[in-house]
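Chain by chain, the residues run as shown.
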Amino acid sequence: MVDALDESVGKVIEALEIAGMLDNSIIVFTSDNGGSPEGHGHNYGSNWPLRGVKNSLWEGGTRVSGFIWSNFLPQRVSMDLMHVQDWLPTLYYAAGGNLSNLLGIDGISQWNTFKQEVPARKEFLYNIDDIYNNSALRAGPWKVLQGNVTNLDLGAKFHWDSWYGPSGRSDNISVHDLIPAIINSSAGQALSRTGINFNVTQLKTQQAEADVKCEKPEKSISCDPYNSPCLFNIIQDPCEYNNLAAEEPEILLHLLSVIKKMNRTALPPISRYSHPEAAPEFWSNTWTNWKDFL
């Protein structure tokens, strides 16, 4: 399936090149959330080496890789904070939009961050969920999470709070060995024809920079967010091995107060009840934002 995806992406990039549109295009790849590993339903995903699974507030359920390409951007690996809500103002601004027209949104344009490596975001809220009874916040290097961070109270049989594989790495081939195939792919060839020169040494360096490395410390403090809040330094401990809540009580209390402040502005959950009038048969056989047309 992934090979077919690579091939189709190459065809799209080739089509943009032939149409003379590639130089003025922005190409984005991103995921909505972490995967579900083997045993979590009928799935075979992996968030290795991160902790947790899809539908959880651990990094394995929320931290995903993203990719953006444009002739207007330098080639680099970014570890800057970004939330999915930032895509709207980022792409709107990149296309020439005036950000003052986007009122009442939480997203922040990351376009200048991509261009100049100047961080635009210092914190973001993972979630506050009164149904799952959980919350999590990231501020700088710090992350606090608390409550039922999976979905145990909704019928799940296990916490799914551990680390799950496989790593996806091969003993016979490294990611560096894939570089010639990347350069010679349809997408790589189309980009080459626009004047982009692939530097193998630079590509190897970027692969290494994008790799999330986790080493489990010999001594670490476990986390049980169901009973008390946990605190992690995500920069130093991206795989959430060492709970620092007892060592950094002031930081913990501050982040919890930020969550409480944010929660005071929360709106009631939208009704989950079905709306027969939203059926595709009433809207040209498509799922659409039907209430906008009433």
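No experiment lies behind these values; they were computed from the predicted model shown.

Chemist: Whenever I open this one, the environment of R51 confuses me. Can you help?
Modeler: Within the fold, R51 resides in the loop between β1 (27-30) and α2 (59-62). Residue contacts for R51: discarding those within four places in its chain leaves W58, E59, G60, G61, D161, S162, W163, C223, F232, C239 and E240. Side-chain polar atoms of R51 contact the backbone oxygen of D161, separated by 2.5 Å.

Chemist: Please explain the environment of I196 as it appears in this structure.
Modeler: Structurally, the position occupied by I196 is in the loop between α6 (186-193) and α7 (200-210). A sequence separation of 125 residues divides I196 from N71, and the C-alpha atoms of the two residues are 9.1 Å apart.

Chemist: Even after reading the chapter, I still don't get helix α3 (residues 87-94), so can you show me in this structure?
Modeler: An α-helical turn contains 3.6 residues, so a residue and the one three or four places further along point in the same direction. Within α3 the residues assigned to the buried category are W87, P89 and T90. Residues of α3 that are buried make contact with β1, β2 (66-69) and α4 (111-116). G96 lies just past α3 and shows a positive phi near 105°.

Chemist: Would you take a moment to explain a nonpolar patch on the surface for this structure?
Modeler: Among the surface-exposed residues, I173, V175, L178 and I182 lie close enough to one another that they form a single nonpolar patch of about 300 Å² accessible area. Positionally, L178 belongs in the loop between β5 (142-147) and α5 (179-183). On the basis of relative accessible area, L178 is assigned to the partly exposed category, the value being 41%.

Chemist: How should I be thinking about the environment of N233 in this particular structure?
Modeler: Along the polypeptide, N233 turns up in strand β6 (residues 230-233). A relative accessible area of 8% places N233 in the buried class. In this structure, N233 is in contact with P141, W142, P238 and L244, ignoring residues within four places of it in sequence. At a separation of 3.2 Å, a polar atom in the side chain of N233 contacts the main-chain amide nitrogen of I235.

Chemist: Help me out: how do you make sense of the state of the cysteines in this one?
Modeler: By definition, a disulfide links the sulfur atoms of two cysteine residues through a covalent bond. One pass over the full model with this rule turns up two disulfides. Disulfide pairing places C214 opposite C239 at an S-S distance of 1.8 Å. Judged by the torsion about the S-S bond (75°), the C214/C239 disulfide is right-handed. Placement of C214 in the loop between α7 and β6 and of C239 in the loop between β6 and α8 (249-263) is noted, with a sequence separation of 25 residues between them. For C239, a relative accessible area of 0% puts it in the buried group. The partner cysteine of C223 in its disulfide is C230, sulfur to sulfur 2.0 Å. Here the disulfide of C223 and C230 is right-handed, its torsion about the S-S bond being about 100°. When the cysteines of the chain that form disulfides are numbered from the N-terminus onward, they connect as 1-4, 2-3.

Chemist: Honestly, the pairing of β6 in this entry has me stumped. Any pointers?
Modeler: Residue alternation in β6 divides its side chains into two sets, C230 and F232 and L231 and N233, and both sets are buried. Bridge count for β5 against β6 is four bridges, and the pairing is antiparallel. Within β6, the residue paired with L145 across the bridge is C230.

Thresholds applied
Residues numbered from 1 in each chain as written. Predicted model: local features only at pLDDT ≥ 70, side-chain atom pairs only at ≥ 80, totals over all residues. Heavy atoms only, no water. Helix = DSSP H or I, 4+ residues; strand = E, 2+ residues; numbered from the N terminus. Contact = heavy atoms within 4.5 Å. Polar contact = N/O pair within 3.5 Å; in protein donor to acceptor, adjacent residues only side chain to side chain. Buried < 20%, exposed > 50% of the residue type's maximum accessible area, 1.4 Å probe, protein only. Patch = residues over 30% accessible without salt bridge, like charges linked within 9 Å, V, L, I, M, F, W, Y side chains within 5 Å. Areas by Shrake-Rupley, 256 points an atom, 1.4 Å probe, with all protein chains shown as cover. Salt bridge = Lys/Arg side-chain N within 4 Å of Asp/Glu carboxyl O. Disulfide = S-S within 2.5 Å. Pairing = 2+ DSSP bridges.

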